[in-house]
Amino acid sequence: MKIKNLLPEVARRVRADNDHPFYSLQKEMNGVFDNFFRGFDVAPRGFTKGLGTFSPSIDVKENDKEFIIRAELPGVEEKDIDVTVTNDLVTIRGEKKEEKEDKDKNYYYMERTYGSFCRAIPLEAEIESGKAEARFKNGILDIKIPKSQSAKAKGTKVSIETV
Amino acid sequence: MSDKDLQKTENVAVTEKIRNVKTFIPRVDIYETKEALFLIADMPGVDEATVDVELEKNILKISGRVENGKVKDYNLVLSEYDVGDYERTFTLSDEIDRDKIRATVKQGVLRLELPKAEKVKPKKIAINAA
């Protein structure tokens, strides 16, 4: 009996996927570099956040037909938001303005952040930029963009016949 | 490297929840003018129907529920924030005129105006030439 057979089910399955140990090592290394470089996209954002400027948090969801992009923009005016859509990129730009009504005010807490922001979201499938819809309610921006016909067609299902 | 929830901090201290959602501590600004204290809280997703402001003794509690925050039957591609309720409490001093507290909600931002009581407002004393 091989030692492998004594391992729990999960461990066996992992080894079966990338049978050669060097292959799995290479895969792991690739992953390390991928994650590292991906980190650069995120780092400036985190960095500027530390300096007290505003950058919205974004969720992206998809199904077969469309993408839904949601951004938290509390306190931003509708007229200060600018959404542009190209074939595979959605850009949300805007400014969260600090209210200026009260002249001499002393701050006790200042946890909220202000400033202009720009987030570009690359999407993995082609989209129909002309059919994008955006709604803004209670500080949450909702963008719906249908996927293009060609993007939908990419995943054509092949039926399997039994012989 | 996850910078999720930098805008929102989860409140882990909330006791015994009935709703099965996370609770966040909203970020607030508090500033003082001659007339009043202002408290401004970022609570994206709430409106005037789902936000609550309670004052009991000298504890001011602001809370908000986020309804329909979840989108079903979609795959998550990128997630930078969680959807959940908001809750935060503050202790007020006696210097606030409790009957005149006003609250407004606009675009997910709660704004509370806490007017100072007459007795603590700064007064200028006129000086007469003798």
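Up top you'll find the structure we're talking about.
Residues numbered from 1 in each chain as written. Chains lettered and ligands numbered in written order. Predicted model: local features only at pLDDT ≥ 70, side-chain atom pairs only at ≥ 80, totals over all residues.

## Section: the pairing of strand β10 (residues 109–115) of chain B
Residue and element names in this part refer to chain B. Quick reminder of the rule: At least two DSSP bridges between two strands are needed for those strands to be called paired. Helical segments are the DSSP runs of H or I of at least four residues, strand segments are the runs of E of at least two, and each set is numbered from the N terminus.
Direction of pairing for strand β4 (residues 36–42) relative to β10: antiparallel, over a ladder of seven bridges. Its bridge partner being in β10, phenylalanine 38 is matched across the sheet by glutamate 113. Where strand β9 (residues 102–106) meets β10, five bridges bridge the pair, whose relative direction is antiparallel. The residue bridging valine 105 from the neighbouring strand is leucine 110, located in β10. Linking β9 back to β10 in an antiparallel pair, the connection comprises two residues, with glutamine 107 at a positive phi of about 45°.

## A closer look at the sheet that holds strand β1 (residues 58–62) of chain A
To be explicit about the condition: Axis definition: a line fitted to C-alpha atoms, over the contacting stretch in the case of helices. Angles run 0 to 180 degrees between N-to-C directions.
Strand order in the open sheet formed by five strands is β7(A)-β8(A)-β2(A)-β1(A)-β7(B), with antiparallel pairing between adjacent strands. Looking at strand neighbours, the two that pair on one side only are β7 (133–137) of chain A together with β7 (75–79) of chain B, the edges of this open sheet. Across the sheet, the mean angle from the axis of one strand to that of its neighbour is 15°, orientation sign disregarded. By the bridge criterion, seven bridges tie strand β2 (residues 66–72) of chain A to strand β8 (residues 140–146) of chain A in an arrangement that is antiparallel. Within the sheet, the bridge partner assigned to Arg70(A) lies in β8(A) and is Asp142(A).

## Thoughts on the nonpolar core
It is characteristic of soluble globular proteins that their nonpolar side chains tend to be buried jointly. All names here are of chain B. Test applied: As used here, a nonpolar core is made of buried Ala, Val, Leu, Ile, Met, Phe, Trp, Tyr and Cys residues. They are joined through C-beta atoms within 7 Å. Three exposure classes are used, based on other C-beta atoms lying within 10 Å of a residue's own C-beta, which is placed from the backbone: buried for 20 or more, exposed for 12 or fewer, and partly exposed in between. For every residue pair, C-beta atoms are placed from the backbone, and the pair is scored as a contact if these atoms sit within 7 Å.
Grouped together as the largest cluster of nonpolar side chains are 21 residues, with contacts concentrated most on Phe38, Leu39, Ile40, Ala41, Met43, Val46 and Leu110. Looking at this core, the elements that each hand over two or more residues are β4, β6 (59–64) and β10. For this core, the element with the highest residue contribution is β4, accounting for six residues. Filtering out sequence-adjacent residues up to four positions away, phenylalanine 38 remains in contact with Ile30, Tyr31, Leu112 and Glu113.

## Structural notes on the interface of chain B and chain A
Each partner contributes residues to the interface: chain B has 31 residues there, and chain A has 31 residues. The set of elements that each furnish at least two residues to the side of chain B that touches chain A consists of β3 (27–32), β4 and β7 of chain B. The leading source of residues in the side of chain B that touches chain A is β3(B), at six residues. Where strand β5 (residues 106–110) of chain A meets β3(B), four bridges bridge the pair, whose relative direction is antiparallel. By the bridge assignment for β3(B), Met110(A) is matched with Asp29(B).

## A look at the pairing of β3(B)
All names here are of chain B. In the sheet, β3 pairs with β4 via six bridges, with the strands oriented antiparallel. Looking across to β4, one finds that isoleucine 30 is bridged to leucine 39. Remark: three residues form the turn of the hairpin made by β3 and β4, two consecutive strands paired antiparallel.

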